[in-house]
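Chain by chain, the residues:
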Amino acid sequence: VRGSVEFLDRTTSIDNPYFMYNPILNQTSDVITSDGVAVMGVDILPSELPRESSQHFGDALTPLLRQLASKKSSTQAESFDEFMQG
């Protein structure tokens, strides 16, 4: 909370794992809408998943993050296809 994700101002629960953050208004809401970013702040999530599942998820996500980080930004690409090709 209030760490590297500045707008994570509270934790969420397993029963209600998301809240919305609207960066324009700098406000959060429990109502999930398309105006903003859905944030999951479940602080006990590692205890909800077996270690192997967490490792598998991380292993699957890492190459995608590297690939995404190496792509042109959407403002530099002329089209979605160009963005996806890097």
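Each remark here, short or long, concerns the structure printed above.
The structure displayed is predicted, hence computed values, not measured ones.

Caption draft 1: A look at the overall build of the protein. If you tally the helices and strands in the protein, you get three helices and three strands. Ordered by position from N to C terminus, the α and β elements of the protein give β-β-β-α-α-α. Taken over 86 residues, the protein has a buried fraction of 14%. Restricting the contact set of the protein to residue pairs at least 6 apart, pairs at least 24 apart contribute 21%. Here the protein has roughly 7,000 Å² of accessible surface; of this, 54% comes from carbon and sulfur atoms.

Caption draft 2: Inspection of unusual backbone geometry at higher detail. Positive phi outside glycine occurs at Asn 26, with the angle close to 55°. Structurally, Asn 26 is set in the loop between strand E1 (18-22) and strand E2 (27-29).

Caption draft 3: Fine view of a nonpolar patch on the surface. Where nonpolar side chains cluster on the molecular surface, the patch consists of Phe 57, Leu 61, Leu 64 and Leu 65 and spans about 390 Å² of accessible area. With respect to the element layout, Phe 57 can be found in helix H2 (residues 51-70).

Caption draft 4: Highlighting the packing of aromatic side chains. Per the counting criterion, the structure on display carries zero aromatic pairs. A cation over an aromatic ring shows up here: Arg 10 above the ring of Phe 19, its NZ or CZ 4.3 Å from the ring centre.

Caption draft 5: A look at the pattern of salt bridges. Summed over all chains, the structure comprises one salt bridge. Of the charged contacts, one joins Asp 30 and Arg 10 as a salt bridge, the two residues approaching to 2.9 Å between their closest N and O atoms. Placement of Asp 30 in the loop between E2 and strand E3 (37-40) and of Arg 10 in the segment before E1 is noted, with a sequence separation of 20 residues between them. The class of Arg 10 is partly exposed, set by a relative accessible area of 25%.

Caption draft 6: Quick peek at the side chain of Thr 12. Relative to the helices and strands, Thr 12 is located in the segment before E1. A distance of 2.8 Å separates the side chain of Thr 12 from the backbone oxygen of Pro 17, its partner in a polar contact. Residues contacting Thr 12, with those up to four places away along its chain left out, are Pro 17, Tyr 18, Phe 19, Met 40, Gly 41, Val 42 and Asp 43.

Cut-offs used in this document
Residues numbered from 1 in each chain as written. Predicted model: local features only at pLDDT ≥ 70, side-chain atom pairs only at ≥ 80, totals over all residues. Heavy atoms only, no water. Helix = DSSP H or I, 4+ residues; strand = E, 2+ residues; numbered from the N terminus. Buried < 20%, exposed > 50% of the residue type's maximum accessible area, 1.4 Å probe, protein only. Contact = heavy atoms within 4.5 Å. Areas by Shrake-Rupley, 256 points an atom, 1.4 Å probe, with all protein chains shown as cover. Patch = residues over 30% accessible without salt bridge, like charges linked within 9 Å, V, L, I, M, F, W, Y side chains within 5 Å. Salt bridge = Lys/Arg side-chain N within 4 Å of Asp/Glu carboxyl O. Phe/Tyr/Trp six-rings, centres within 6.5 Å; stacked < 30°, edge-to-face > 60°. Lys NZ or Arg CZ within 6 Å of the ring centre and 35° of its normal. Polar contact = N/O pair within 3.5 Å; in protein donor to acceptor, adjacent residues only side chain to side chain.

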